[in-house]
Amino acid sequence: MVLLDSRGRKMTSEAFAVWLGSRRDEGSQHLVFAIGPASGWTEGARKQAHLQLSLGEMTLAHALARLVMAEQIYRAYTILTGHPYHAGH
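Residues numbered from 1 in each chain as written. Predicted model: local features only at pLDDT ≥ 70, side-chain atom pairs only at ≥ 80, totals over all residues. Heavy atoms only, no water.

Colleague: Describe the overall build of the chain, with residues and values.
Modeller: A count of helices and strands for the chain gives 3 helices and 3 strands. Its C-alpha atoms give the chain principal-axis dimensions of about 40 × 30 × 20 Å. Here the chain holds 89 residues, and 34% of them are scored as buried. Looking at the chain alone, contacts between residues at least 24 apart form 76% of all its contacts between residues at least 6 apart. (Helix = DSSP H or I, 4+ residues; strand = E, 2+ residues; numbered from the N terminus. Buried < 20%, exposed > 50% of the residue type's maximum accessible area, 1.4 Å probe, protein only. Contact = heavy atoms within 4.5 Å.)

Colleague: Kindly report on helix H1 (residues 13-25), identifying the contributing residues and their values.
Modeller: For an α-helix the count is 3.6 residues per turn, leaving residues at separations of three or four pointing the same way. Helix length check: H1, at 13 residues, gives a terminal C-alpha distance of 18 Å against a target of 18 Å (1.5 Å per residue), a fit within 8%. Of the residues flanking the end of H1, it is Gly27, one or two places downstream, whose phi is positive at about 90 degrees. (Expected span 1.5 Å × (residues − 1).)

Colleague: Outline the nonpolar core, listing residues and values.
Modeller: Val2, Leu4, Met11, Phe16, Ala17, Trp19, Leu20, Leu51, Leu53, Met69 and Ala76 together form the largest nonpolar core, which totals 11 residues. Contributing elements (two or more residues each) for this core: strand S1 (2-10), H1, strand S3 (51-54) and helix H3 (62-81). Examining the composition of this core, we find that 4 residues originate from one element, H1, more than from any other. Those residues in contact with Met69 that sit more than four places away from it in its chain are Leu4, Phe16, Phe33, Leu53 and Leu55. One finds Leu3, Ala34, Ala45 and Ala49 within the second-largest nonpolar core, a separate group that totals 5 residues. (Core = buried A, V, L, I, M, F, W, Y, C linked by side-chain atoms within 4.5 Å.)

Colleague: Got a sec to walk through the pattern of salt bridges? Specific residues and values, please.
Modeller: Counted according to the given criterion, the structure contains 6 salt bridges. In this structure, the salt-bridge partner of Glu26 is Arg23, at a minimum N-O distance of 3.1 Å. In this structure Glu26 comes out as exposed when scored by relative accessible area, which is 58%. By relative accessible area, which is 17% here, Arg23 ends up buried. (Salt bridge = Lys/Arg side-chain N within 4 Å of Asp/Glu carboxyl O.)

Colleague: If you had to explain the sheet that holds strand S2 (residues 33-35) to someone new, which residues and values would you point to?
Modeller: Taken in spatial order, the 3 strands make up an open sheet running S2-S1-S3, and their pairing is parallel. Both outer strands of the open sheet, S2 and S3, are each paired with one neighbouring strand and no more. Neighbouring strand axes in the sheet, compared pairwise and without regard to direction, differ in orientation by 65 degrees on average. Of the pairings in the sheet, the one linking S1 to S2 comprises 3 bridges and is parallel in character. The residue bridging Leu4 from the neighbouring strand is Ile35, located in S2. Set on the sheet, H3 makes contact with S1, S2 and S3; between it and S2 the angle comes to about 155 degrees. (Pairing = 2+ DSSP bridges. Axes fitted to C-alpha atoms, helices over the stretch in contact; angles between N-to-C directions.)

Take a look at the structure:
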């Protein structure tokens, strides 16, 4: 489980691709990306997470966070496959 939280780890798209590729290469079948509640994650949830990931310092609406995360997952796979979509930007 990956908790999306503004206090989480900040990554570049390239670093996220490396992290996601490592999960793939380890044989992970499922990843859950969970958007944080308004009150923040409980300590129990934080302990269960494999990663706490920040999409940035700004607060995002849940629908926008889902869109940003979907785009970053797509971008990560294009980076991993060498597709020109990312083009280093």
